[in-house]
There are 2 protein chains.
Amino acid sequence: MWQCQGVKPPAAPAGAVRQGSLRELNLALVLGRIADARRPPSRAALAADTGLTRATVSAVVEDLVAGRLVTEADPTPRAGAGRPARGLMLAGNGPAGLGLEINVDYLAACVVDLAGQVRHHTVHRSDLRPVSPADALGRLAELAARARADADAQDLTLAGAALGVPGLVDGSGQVRLAPNLGWRDVPVPDLLAQHPPLTETVDGVPPLVVDNEANLAALGELHAGAAPGSFLHISGEVGIGAGIVLNGALFRGTRGWSGEIGHIPVRPDGPPCRCGGRGCLELYAGQEAILSAAGLAGADLPADRASTRLTQLAAAEHPAVLHALAEAGTAIGVTVASVVNLLDLDTVVLGGGYASLTGWLRPPVLAEIERRVLTAAWSPVTVRPATLGATAAAVGAAGSVVRRIIAQPGGWLARL
Amino acid sequence: MWQCQGVKPPAAPAGAVRQGSLRELNLALVLGRIADARRPPSRAALAADTGLTRATVSAVVEDLVAGRLVTEADPTPRAGAGRPARGLMLAGNGPAGLGLEINVDYLAACVVDLAGQVRHHTVHRSDLRPVSPADALGRLAELAARARADADAQDLTLAGAALGVPGLVDGSGQVRLAPNLGWRDVPVPDLLAQHPPLTETVDGVPPLVVDNEANLAALGELHAGAAPGSFLHISGEVGIGAGIVLNGALFRGTRGWSGEIGHIPVRPDGPPCRCGGRGCLELYAGQEAILSAAGLAGADLPADRASTRLTQLAAAEHPAVLHALAEAGTAIGVTVASVVNLLDLDTVVLGGGYASLTGWLRPPVLAEIERRVLTAAWSPVTVRPATLGATAAAVGAAGSVVRRIIAQPGGWLARL
DNA sequence: GCTATTTGTTCAGTGGTTGAATTAAATGAC
DNA sequence: GTCATTTAATTCAACCACTGAACAAATAGC
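If you're wondering where the values come from, they're calculated on a predicted model, not measured in any experiment.

Draft legend 1. Here's a closer look at the sheet that holds strand β16 (residues 382–385) of chain B. Residues and elements named next belong to chain B. Here 5 strands make up an open sheet; going across it, the order is β14-β13-β12-β15-β16 and the pairing mixed. Two strands lie at the open edges of the sheet, namely β14 (249–250) and β16, each paired on one side alone. Note that strand β13 (residues 240–246) and β14 share 2 bridges and pair antiparallel. Across the sheet, Val245 pairs through a bridge with Leu250, a residue of β14.

Set out below in structure tokens:
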């Protein structure tokens, strides 16, 4: 049976620091440096970088190599005198992560290895709104099985999986509300229980983690792009969600429901929203709102085609579309200004359907930021498109699995 | 010379984990448990709590006692069989923190000991707007000297100081902008350089840290009140600031300028604000705005008297005041709804001048939250007044010094 | 007074890091 | 071609801090 869990506890580093913890912490430290380095570092470089002794680094690396997390690069053609360094890099054939995504009109599965390479990627397009949750998850399990077979064929060991859904997920992996999918209180763990298990738990984390797709997309951007330690990632899908990355970690909020940016009030006295509020951002910059303002309301485009169509029309300078995007950008800008005033972030990433529209959305967003952010003069804010494609959540989900192994290699190594 | 620093680097735990780090981490772990415990725990209880061995706990506690951070409580009159436990508590005569505050119409200094007790507190009232920064800091230095003498007399060792100012502080301790004080680019470190030094650095942190008053007030609330790990603290002074505490730590933002909640747009098309934006929160819930709406605009009250007067009038059910507070509460509620949608916080603390007005502000704030927060149904938000008084920033500043020693006792112990 | 019970300390043992010495492997000068 | 130089990586005794178990201390109950 699959075991599931939505939000892993923050896991404060303040547990008991036992004797073995020392090695565990240094494993994580060295592995992290190897992962973040631009080119394969030598043991000596790692020692100088971390402050550890060369002897300790050697011992730690030996463990990592034995655990198939790190491999030595080819004999390096380095210049200068002295014994040539043997570069260390993340292993391409060790553990890998399985990323899954359910969205309004597609299912996706992908496999990402330790080095962050996407080794498998499948997208299955179909409108899932009329499909029951159980059937939808059944189809997803088929994609997962195919991905797993492909991973096995490539000598990869799946170490866990993460599933992104466009809605609110509680601590037990249950989907409390996914408005655009029409789901409410769907027990994803139970529904997946009948399908074969993915793998055993690693380091106490269950094999499948369910999370909000905006969170996972932000995580994907964190370690795919050259994103800094703190940024806001806005996913413009049918709804609008956001993932908040602070100091290199996703901030999930008290109950895991952070980032509901779509229902931040832009005009408190504006038209009513189905959420019960008034003048929410989604009413001005959601997909329906933009299509409607552009005069494309009845076109009945699939959700993922809508942004493509808008991009084409905007590139052709379609007046109504340009106007609609300017309006949407202004609304996004007002919201982003609030966020930047509150959190002092220096980077905003436009993802999902917004990514390809960045050229038209950025000017009004920046204009609102400059007008409304007190510190804008000293602290310029960068607005840029997401580097991952449409299925960023799936890639981010898979990445979150391998990222956890890199951050806590102890669990994976103990499994051997 | 005083050395200053505005924002301490996040200090990611991911440094080199050397051999001695182990002891350092366990010192912090044990000391933290002693600080958080309701009643003085025994060594055995600490061992059971932390997972360390009794032997290790004994050794760690020996270091802490030798460093005057912990003392043994009186022979405990405990019930039940067995050797009676010797309770451990934070030392009252060890290191202490000096907290300073400059605000629009007062200066404050206080001394807080390890246990969080306020051992000295002085407030000097006078309008500082017409006073030059150099003179203001000179007066503050006098207060600090008096506080220091009092600390010496009580056998306390000042281990550092923090200064709260109502404005933006950069990484070097310079005040970039304090609009309500009329300061701009004031080099606080240089201006204090002529005054005698406070004490030597502890653990690499300079003896004086300059920070935003809203940040320090939030920190004070964090370890004074029964506040949970994550909350938003709103300081209603002449301006409106906020401190954001996430998972038990203050979140400062990329450049240390988080929490500028006063200029979050409430009505994007509203009246112009002097910040350059339109419809900022301060225009609806700032002190001037409330007084003006209440018909008290010309009363020319000192800033700290204004909230007292408003509270009296509200208690007397003065119609215009009640209306003004309802309007302000609604504006605050709209803003808080944005914050909760974004960060999923479950607690909002009303501080500064808002604290005594909580009774009238809370209903409209809660109403807006319930209307506009998507997850409000499953995730109730608590709105409560701050427990610290008007000079919360000074107390919070002093508390931040001792709190750092508790979190990182290694530096203090190494100093001996 | 004796036993049960819980607290706190002592001490040999061990895991993991340290620092210096040693070996390994390549460059470059003569 | 040989050898000094240089940098990389390993080996090894020493050491630091935690572990686990045995032991001493202090009290309640019988």
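Draft legend 2. Representation of the confidence of the model for chain A in the model. Across chain A, the average pLDDT comes to 88, with 91% of residues at or above 70. Within the model, pLDDT remains below 50 along residues 3–13 of chain A, and this stretch shows 27 contacts once partners closer than five positions in the same chain are excluded.

Draft legend 3. Molecular detail of the relation of the copies chain A and chain B. The operation relating chain A to chain B is a screw motion whose rotation component is 180°, with 0.1 Å of axial translation and a residual RMSD of 0.1 Å. Taken together, these values place the two copies in the relation of a two-fold axis. Measuring from the rotation axis to each C-alpha of chain A, the shortest distance belongs to Arg267 of chain A, at 3.0 Å.

Draft legend 4. A look at the environment of Val245 of chain A. All names here are of chain A. Take Val245: it is sitting in strand β13 (residues 240–246). Take Val245: its relative accessible area is 0%, and that puts it in the buried class. In sequence terms Val245 and Arg129 are 116 residues apart; their C-alpha atoms lie 30 Å from each other.

Draft legend 5. Representation of the packing of aromatic side chains. If you walk through the whole model with that rule in mind, you get 2 aromatic pairs over all chains. Ring plane angle 65° and centroid distance 5.7 Å describe the contact between Trp257 of chain A and Trp378 of chain B, whose orientation is recorded as edge-to-face. Highlighted residues: Trp257 of chain A in the loop between β14 (249–250) and α7 (282–285) and Trp378 of chain B in the loop between α11 (358–372) and β16, drawn from two different chains. Its relative accessible area of 5% is what places Trp257 of chain A among the buried residues. The residue whose ring lies beneath Arg267 of chain A is Tyr284 of chain A, and the NZ or CZ to ring-centre distance is 5.3 Å. Positioned over the ring face of Trp412 of chain B is Arg415 of chain B, at 3.6 Å from the centre of the ring.

Draft legend 6. Main features of the nonpolar core. Ranked by internal contacts, the top residues of the largest apolar core, which has 91 residues, are Ile234 and Leu343 of chain A together with Ile234 and Leu343 of chain B. Residue contacts for Ile234 of chain A: discarding those within four places in its chain leaves Ile240, Gly241, Ala242, Ile261, Ile332, Val336, Val348, Val349, Leu350, Gly351 and Tyr354 of chain A.

Draft legend 7. Structural detail: helix α4 (residues 133–153) of chain B. Residue and element names in this part refer to chain B. End to end, α4 covers 30 Å across 21 residues, agreeing with the expected 30 Å (1.5 Å per residue, within 8%). Buried within α4 we find Ala136, Leu137, Gly138, Leu140, Ala141, Leu143, Ala144, Ala147 and Ala151. Residues of α4 that are buried in the fold lie against β4 (95–102), β5 (106–113), β6 (118–125), β7 (157–165), β10 (183–186) and α5 (188–192). Two residues or fewer past α4, Asp155 is found with a positive phi of approximately 65°.

Draft legend 8. How the structure looks around the side chain of Ser379 of chain A. Mapped onto the fold, Ser379 of chain A is located in the loop between α11 (358–372) and β16 (382–385). Among the polar contacts made by the side chain of Ser379 of chain A, one reaches the side chain of Arg255 of chain B at a distance of 3.0 Å. Residues contacting Ser379 of chain A, with those up to four places away along its chain left out, are Asp344 of chain A together with Arg255 and Trp257 of chain B.

Draft legend 9. Focus on the packing of helix α1 (residues 19–36) of chain A against helix α2 (residues 43–50) of chain A. Residue and element names in this part refer to chain A. Taken N-terminus to C-terminus, the directions of α1 and α2 make an angle of 110°; their axes are 11 Å apart at the nearest point. As judged from the angle between their axes, α1 and α2 are roughly perpendicular. Crossing handedness for the pair α1 and α2: right-handed. Facing α1, whose interface residues are Leu29, Val30, Arg33 and Ile34, α2 presents Leu46, Asp49 and Thr50. Per-class residue counts for the contact of α1 with α2 are 4 nonpolar, 1 polar and 2 charged.

Draft legend 10. Region of interest: the interface of chain A and chain B. Taken together, the contact between chain A and chain B spans 60 residues of the former and 60 residues of the latter. Of the roughly 5,400 Å² buried between chain A and chain B, counting both surfaces, carbon and sulfur atoms make up 62%. Applying the counting rule to chain A against chain B returns 4 salt bridges. With its nearest N and O atoms 2.7 Å apart, the salt bridge here joins Arg267 of chain A to Asp269 of chain B. Scanning the region where chain A abuts chain B turns up 25 residue pairs in polar contact (both at pLDDT 80 or more). Where the side of chain A that touches chain B is concerned, the elements lending two or more residues are α1, β9 (175–178), β13, α10 (319–343) and α11 of chain A. Residue composition of the side of chain A that touches chain B, grouped by class: 27 nonpolar, 19 polar and 14 charged.

Draft legend 11. Examining the protein's contact with DNA strand C more closely. Surrounding DNA strand C, one finds 25 residues, the nearest of these being Arg23 of chain A together with Ser58, Gly82, Arg83 and Arg86 of chain B. Protein-proximal atoms of DNA strand C, defined as those within 4 Å of the protein, fall in sugar or phosphate at a share of 63%. A distance of 3.3 Å is found between a base oxygen of DNA strand C and a backbone nitrogen or oxygen belonging to Gly82 of chain B. At 2.8 Å from a base oxygen of DNA strand C is found a main-chain nitrogen or oxygen belonging to Arg83 of chain B.

Draft legend 12. Spotlight on the layout of surface pockets. A volume near 520 Å³ is recorded for the second largest pocket. What lines the second largest pocket is a set of 30 residues, and nearest its centre among them are Leu177, Pro179, Glu260 and His263 of chain A together with Leu374 of chain B. Broken down by secondary-structure element, the contributors of at least two residues to the lining of the second largest pocket are α6 (213–224) and β13 of chain A together with α11 of chain B.

Draft legend 13. Spotlight on the domain arrangement of chain A. Residues and elements named next belong to chain A. Its domain assignment divides chain A into domain 1 (22–74), domain 2 (93–218 + 393–415) and domain 3 (228–386). Domain 1 and domain 2 are separated by 29 Å when their C-alpha centres are compared. Between domain 1 and domain 2, the residue contacts involve 12 residues of the former and 14 residues of the latter. For the pair domain 1 and domain 2, the two sides together bury roughly 980 Å², of which 64% comes from carbon and sulfur. Counting across the interface, domain 1 meets domain 2 through 1 salt bridge. There are 4 residue pairs in polar contact (both at pLDDT 80 or more) connecting domain 1 and domain 2. Elements with a contribution of two residues or more to the side of domain 1 that touches domain 2: α1 and α3 (54–66). The element best represented in the side of domain 1 that touches domain 2 is α1, accounting for 7 residues.

Draft legend 14. Broad picture of the protein's contact with DNA strand D. Taken together, 26 residues form the shell around DNA strand D, and within it Ser58 and Arg86 of chain A together with Gln19, Arg23 and Thr53 of chain B come nearest. The protein-proximal atoms of DNA strand D, defined as those within 4 Å of the protein, are 67% sugar or phosphate. Contributions of two or more residues to the surface near DNA strand D are made by α2 and α3 of chain A together with α1 (19–36) and α3 (54–66) of chain B. The dominant element in the surface near DNA strand D, judged by the number of residues it contributes, is α1 of chain B, at 4 residues. Of the residues contributing to the surface near DNA strand D, the split by class is 9 nonpolar, 10 polar and 7 charged.

Parameters at a glance
Residues numbered from 1 in each chain as written. Chains lettered and ligands numbered in written order. Predicted model: local features only at pLDDT ≥ 70, side-chain atom pairs only at ≥ 80, totals over all residues. Heavy atoms only, no water. Pairing = 2+ DSSP bridges. Helix = DSSP H or I, 4+ residues; strand = E, 2+ residues; numbered from the N terminus. pLDDT = per-residue confidence, 0-100. Contact = heavy atoms within 4.5 Å. Least-squares fit on C-alpha atoms with pLDDT ≥ 70 in both. Buried < 20%, exposed > 50% of the residue type's maximum accessible area, 1.4 Å probe, protein only. Phe/Tyr/Trp six-rings, centres within 6.5 Å; stacked < 30°, edge-to-face > 60°. Lys NZ or Arg CZ within 6 Å of the ring centre and 35° of its normal. Core = buried A, V, L, I, M, F, W, Y, C linked by side-chain atoms within 4.5 Å. Expected span 1.5 Å × (residues − 1). Polar contact = N/O pair within 3.5 Å; in protein donor to acceptor, adjacent residues only side chain to side chain. Axes fitted to C-alpha atoms, helices over the stretch in contact; angles between N-to-C directions. Parallel < 35°, antiparallel > 145°, perpendicular 65-115°, else oblique. Left-handed = near helix turned anticlockwise from the far one by under 90°. Nonpolar A, V, L, I, M, F, W, Y, C, P; charged D, E, K, R; others polar. Buried area = accessible area lost by both parts, 1.4 Å probe. Salt bridge = Lys/Arg side-chain N within 4 Å of Asp/Glu carboxyl O. Near = heavy atom within 4 Å. 1 Å grid on protein atoms, 1.4 Å probe; cavity = no way out; pocket = protein on both sides within 12 Å on 5 of 7 lines; lining within 4 Å. Points joined across faces, edges and corners; volume = space filled by probe spheres on them. Domains from an automatic or database assignment.

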